[in-house]
Amino acid sequence: MSAAVQALNGALVGNGHSSVVDDGQGLGEPDADTIKMFVGQIPRSWGEDQCRQLFEQYGPVHQLNVLRDKTTQTSKGCCFVTFYHRKDAIGAQSALHNIKVLPQMHHAVQMKPADSENRN
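All figures in this text were calculated on a predicted structure; none of them were measured in a lab.

Would you mind showing me how to read the overall build of the protein chain here?
Each helix and strand in the protein chain was counted, giving three helices and six strands. Each helix and strand of the protein chain, placed in order from N terminus to C terminus, yields the pattern α-β-β-β-α-β-β-α-β. A buried classification covers 38% of the 120 residues belonging to the protein chain. Taking all contacts inside the protein chain whose residues are at least 6 apart in sequence as the whole, residues at least 24 apart take part in 63%.

Laid out in structure tokens, this is it:
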């Protein structure tokens with residue numbers, strides 16, 4: 001089974017750089033207008049589970065990808081998150097961006113659409 005098929009089936013997929021985790025809740029595909037968000041100022045000690053707990057307060061998470069160092073596999077302190085619904089991504093951004101300071105951090109969470117997204 002290819003990595004793309006595994007990702008679509010909600011499996012844990014490793015590419016040597018990061019992990020993509022699908023929620024496995026059986027919600028199907030995300031809305032067509034969903035936004036992939038880049039999130040910075042995440043504690044380096046956090047993995048996918050801790051990030052998921054933070055973001056699921058705002059709605060169901062489709063994919064979560066903690067960026068990791070290629071060599072050490074340690075977190076770079078940032079991630080990508082895609083919610084099933086655009087409104088949940090916007091709600092999370094409104095609640096977190098430049099507002100919420102996470103444990104072990106000195107600066108507020110930074111959350112914006114990923115560069116690959118149309119920001120309009």
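Past the structure itself, the notes keep going.
How should I be thinking about the nonpolar core in this particular structure?
In a soluble, globular protein the nonpolar side chains are often hidden away together inside. Counting 20 residues, the largest nonpolar core has Phe 55, Val 81 and Met 111 as the members making the most contacts within it. Sorting the residues of this core by element identifies strand 3 (36-40), helix 2 (48-55), strand 4 (61-68), strand 5 (75-83) and helix 3 (86-96) as the ones contributing at least two each. Aside from chain neighbours lying at most four places away, what touches Phe 55 is Val 39, Val 61, Leu 64, Cys 79, Val 81, Phe 83, Leu 96 and Met 111.

Please explain the packing of aromatic side chains as it appears in this structure.
The geometry of an aromatic ring pair is captured by two quantities: the separation of the ring centres and the angle between the planes. Following the criterion strictly, the structure yields two aromatic pairs and no others. Consider the rings of Phe 38 and Phe 80, whose centres lie 5.6 Å apart with planes at 65°: the pair is edge-to-face. Residue Phe 38 is found in strand 3, and its partner Phe 80 is found in strand 5; the two are separated by 42 residues along the sequence. When its relative accessible area of 24% is taken as the criterion, Phe 38 is described as partly exposed. For the cation-ring pair, Lys 36 lies above Phe 80, with the distance from its terminal atom to the ring centre recorded as 4.9 Å.

Would you mind showing me how to read the side chain of Glu 48 here?
Mapped onto the fold, Glu 48 is located in helix 2. Assessed through its relative accessible area of 12%, Glu 48 is described here as buried. Side-chain polar atoms of Glu 48 contact the side chain of Arg 68, separated by 3.0 Å.

Honestly, the pattern of salt bridges in this entry has me stumped. Any pointers?
Pairing between side chains of opposite charge can happen when their charged atoms approach one another. All told, the structure shown has three salt bridges when counted by the stated rule. One salt bridge in this structure joins Glu 48 and Arg 68, with 3.0 Å as the shortest N-O distance. Of this pair, Glu 48 sits in helix 2 while Arg 68 sits in strand 4, and the two are 20 residues apart along the sequence. In this structure, Glu 48 and Arg 68 share a single accessibility class: buried.

Parameters at a glance
- Residues numbered from 1 in each chain as written.
- Predicted model: local features only at pLDDT ≥ 70, side-chain atom pairs only at ≥ 80, totals over all residues.
- Heavy atoms only, no water.
- Helix = DSSP H or I, 4+ residues; strand = E, 2+ residues; numbered from the N terminus.
- Buried < 20%, exposed > 50% of the residue type's maximum accessible area, 1.4 Å probe, protein only.
- Contact = heavy atoms within 4.5 Å.
- Core = buried A, V, L, I, M, F, W, Y, C linked by side-chain atoms within 4.5 Å.
- Phe/Tyr/Trp six-rings, centres within 6.5 Å; stacked < 30°, edge-to-face > 60°.
- Lys NZ or Arg CZ within 6 Å of the ring centre and 35° of its normal.
- Polar contact = N/O pair within 3.5 Å; in protein donor to acceptor, adjacent residues only side chain to side chain.
- Salt bridge = Lys/Arg side-chain N within 4 Å of Asp/Glu carboxyl O.

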